[in-house]
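Coordinate inspection notes
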Amino acid sequence: MSKVLEKLSLAGIIPVIKIEDANDAVPLCKALQNGGLPVAEITFRTGAAEQAIRNINKELPNILLGAGTVLSVEQVDRAVAAGAKYIVSPGLNPKTVKHCQKLNVPIVAGCANPSDLELAIELGLETVKFFPAEALGGIKTIKAISAPFPQIRFIPTGGINDKNLLEYLNFDRVVACGGSWMVPSNLIANKDWNRIEELTSAAVNLMLGLELCHIGINSGTQEQAYQDAQTLANLMDISIIEHEKSFTIGKSFELMKTKGRGEKGNLAIFCNDVNRAVWHLAQKGFTFDETTRVVKGSKTISIYLKQEVADFAIYLLRK
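Residues numbered from 1 in each chain as written. Predicted model: local features only at pLDDT ≥ 70, side-chain atom pairs only at ≥ 80, totals over all residues. Heavy atoms only, no water.

One pass over the structure, following the stated rule, counts three aromatic pairs. Between the aromatic rings of Y226 and F247, the centroid separation amounts to 5.5 Å while the plane-to-plane angle is 55°, which identifies the pairing as tilted. Of the two residues, Y226 is situated in helix α11 (residues 222–236) and F247 in strand β11 (residues 246–249); the sequence distance between them amounts to 21 residues. Judged by relative accessible area, which is 37%, Y226 ranks as partly exposed. For F247, a relative accessible area of 3% corresponds to the buried category. When the ring centre of F247 is taken as origin, the NZ or CZ atom of K257, which lies over that ring, is 4.9 Å away. The ring of Y304 carries R261 above its face, with NZ or CZ at 4.9 Å from the centroid. (Phe/Tyr/Trp six-rings, centres within 6.5 Å; stacked < 30°, edge-to-face > 60°. Helix = DSSP H or I, 4+ residues; strand = E, 2+ residues; numbered from the N terminus. Buried < 20%, exposed > 50% of the residue type's maximum accessible area, 1.4 Å probe, protein only. Lys NZ or Arg CZ within 6 Å of the ring centre and 35° of its normal.)

All chains considered together, the criterion is met by 13 salt bridges. A salt bridge links E211 to K319, with the shortest nitrogen-to-oxygen separation between them at 2.9 Å. You can see E211 sitting in strand β9 (residues 211–218) and its partner K319 sitting in the segment after β16 (312–318), a full 108 residues away along the chain. Given the relative accessible area of 46%, K319 is considered partly exposed. Taking the shortest distance from any N to any O, the salt bridge between E290 and R293 comes out at 2.8 Å. Shared partners join several salt bridges into a network, and the residues in it are E50, R54, E74 and R78. (Salt bridge = Lys/Arg side-chain N within 4 Å of Asp/Glu carboxyl O.)

What follows is about the nonpolar core. If you look at the biggest cluster of nonpolar residues, it comprises 93 residues, and the most contacted ones within it are I17, I42, I87, I196 and L316. Here this core takes seven residues from helix α10 (residues 193–208), the largest share from any one element. Excluding residues that lie within four positions of it along the chain, L316 makes contacts with L210, I269, C271, V274, A277, V278, L281, F288, I301, S302, I303 and L305. Counting seven residues, the second-largest nonpolar core is a separate cluster that includes A225, A229, A233 and I249. (Core = buried A, V, L, I, M, F, W, Y, C linked by side-chain atoms within 4.5 Å. Contact = heavy atoms within 4.5 Å.)

Spatially, the eight strands line up as an open sheet ordered β7-β6-β5-β4-β3-β2-β1-β8, and their pairing is parallel. Sheet topology places β7 (153–156) and β8 (177–179) at the edges, where each strand pairs with a single neighbour. On average, each strand axis in the sheet is tilted by 30° relative to the strand beside it, whichever way the strands run. The pairing of strand β1 (residues 13–17) with β8 spans three bridges and is parallel. Its bridge partner lying in β8, I14 is registered against G178. (Pairing = 2+ DSSP bridges. Axes fitted to C-alpha atoms, helices over the stretch in contact; angles between N-to-C directions.)

Bringing the packing of helix α3 (residues 49–59) against helix α4 (residues 73–82) into the picture now. Between α3 and α4, the shortest axis-to-axis distance is 8 Å and the interhelical angle comes to 25°. On the basis of the axis angle, α3 is roughly parallel to α4. The residues of α4 that touch α3, namely those facing E50, I53, R54 and N57, are R78, A79 and A82. A class-by-class count of the residues in the contact of α3 with α4 yields three nonpolar, one polar and three charged. (Parallel < 35°, antiparallel > 145°, perpendicular 65-115°, else oblique. Nonpolar A, V, L, I, M, F, W, Y, C, P; charged D, E, K, R; others polar.)

Remember that the coordinates give geometry; whether it matters functionally is a separate question.
Here is the structure:
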């Protein structure tokens, strides 16, 4: 997978944007960035697309910028010259694919059936667009047609919103999802950048699914840990469960027999995807201790932040 596609995978959501006025492009992308999503796919559905891409590339070079609805070699050249870092097409045009490969520009070409996927493999593609996703049967269809093609991954687009986003992202063959629910045309027309920022932030929060899993408390010794566990168990009328290194009270408390990371203990934070959460939290300035990363198979299970809160260490834990 190219570095651009890896970043799209970490971003998780690709805002698909139809721009009528190129002057709206920069404030719109600032709203996306402020909402936690420095990604944009500007579709070539209007005459403003090329200039919009040029404006974004000049003013906001950190935006992961792509061109969508690209239908020809000529549009590829215009989009790349304007600053697009990747190309997205609604269908699978071998000429367009080969031209992007010649330019060394990633292309996510649209596929809708097994025949498309066979041609995509022949052309050397590993990640394709599944479009129109919901109209073609959604995640059930992706799971069905992907089975014979284990080397192919998908970016579904079309009909995806905050109601079905997680259904798609929970399937490990889905790289990211394209959608426009956080950038509706009426809000762009009204230049309501604050509302777009709010919708973007809500989409990112939904995708990450960050929530408290449990609190680990450094009791220090086995005896003290058991005493502390008894107190909480009596208070909450919940049984104590003993483990090798700790006692747990329900799902909320873990009493450590020996001191772990953090002076007082640790806060375990659930998330839907650790790698994706790390990427998004890094945009906010959080840093991580890579020596603590735990990987099982191909998935990161947990990792500690370098930041602590009130002498409590914090770590992300995959749900």
